[in-house]
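Residue-level listing of the chains:
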Amino acid sequence: MFVIRPARNEDAAALARLAERTFRATFGAANRAEDMDAHCRNSYSAARQAEEIARIDGATVLGLANDTLIGFIQLRCGTAPSGIAALAAGEIQRLYVDTPWHGRGLGNALLQAGLAVLRAHHLDHVWLGVWEHNPRARAFYRKCGFVDVGEHIFQLGDDPQRDVLMARQMDRLGGTQAG
């Protein structure tokens, strides 16, 4: 079983290790090592994760099993990209689950915890970008009611990659609805 809780500053080093490990496990085989190294160096240091945890316009929520970090979701509040008609939107910046925990409900539990955080900020839409070559993630988000609404560039080192933008409308009763 796992526990879901907000991240604390002392979680930054473990969060950095998990973020880099899961990112490399998911995308490493399909990308150049130099691009992966550059992205990981810029995105997953302990200092960078401490900044993410401390953001006043965001949140990081962790999944743990036996006090070991096994997954997380990082969120940001703000404006939506073009193609999403939102008054106030939240972004799922990252939702990463350690490989041994895939298919065990942790991703959905983290998503629901993240949606609860966004709901507390009275946002009307939630959106995310997912790599076009990540069918597992795209299927997960579709199952959770997200729909394709556009695309943008995700810069991985020197390689500009296409992310599919997906979104859904938040409802007022605690869940979300497609839109």
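Residues numbered from 1 in each chain as written. Predicted model: local features only at pLDDT ≥ 70, side-chain atom pairs only at ≥ 80, totals over all residues. Heavy atoms only, no water.

**A closer look at the layout of surface pockets**
Thought 1: Its volume calculated, the largest pocket comes out at about 1,100 Å³.
Thought 2: Lining of the largest pocket is provided by 40 residues; of these, Leu95, Tyr96, Asn134, Ala137 and Tyr141 occupy positions nearest its centre.
Thought 3: Elements with a minimum of two residues in the lining of the largest pocket: helix H1 (12-27), strand S4 (89-97), helix H4 (106-120), strand S5 (125-131), helix H5 (135-143), strand S6 (147-156) and strand S7 (159-170).
Thought 4: Take the lining of the largest pocket: its biggest share by element is seven residues, from S4.
Thought 5: Broken down by class, the residue content of the lining of the largest pocket amounts to 19 nonpolar, 14 polar and seven charged. (1 Å grid on protein atoms, 1.4 Å probe; cavity = no way out; pocket = protein on both sides within 12 Å on 5 of 7 lines; lining within 4 Å. Points joined across faces, edges and corners; volume = space filled by probe spheres on them. Helix = DSSP H or I, 4+ residues; strand = E, 2+ residues; numbered from the N terminus. Nonpolar A, V, L, I, M, F, W, Y, C, P; charged D, E, K, R; others polar.)

**A short note on helix H3 (residues 46-54)**
Thought 1: Residues of H3 that are buried include every one of Gln49, Glu52 and Ile53, and no others. Within H3, the buried residues cover an arc of 100° as seen down the axis, which keeps them to one side. Exposed residues lying more than 90 degrees from the buried face of H3 are Ala47, Glu51 and Ala54.
Thought 2: The elements touched by buried residues of H3 are H1, helix H2 (33-43), strand S2 (58-65), strand S3 (68-78) and S4. (Buried < 20%, exposed > 50% of the residue type's maximum accessible area, 1.4 Å probe, protein only. Arc of directions from axis to C-beta. Contact = heavy atoms within 4.5 Å.)

**Let's talk about unusual backbone geometry**
Note: most peptide bonds trans; most residues except glycine with negative phi.
Thought 1: We note that Asn66 has phi near 50°; this positive angle belongs to a residue other than glycine.
Thought 2: Position of Asn66 relative to the elements: it lies in the loop between S2 and S3.
Thought 3: What makes Asn66 exposed here is its relative accessible area of 76%.
Thought 4: Notably, His122 is not glycine yet its phi reads approximately 60°, a positive angle.
Thought 5: Secondary-structure assignment places His122 in the loop between H4 and S5.
Thought 6: When its relative accessible area of 69% is taken as the criterion, His122 is described as exposed.

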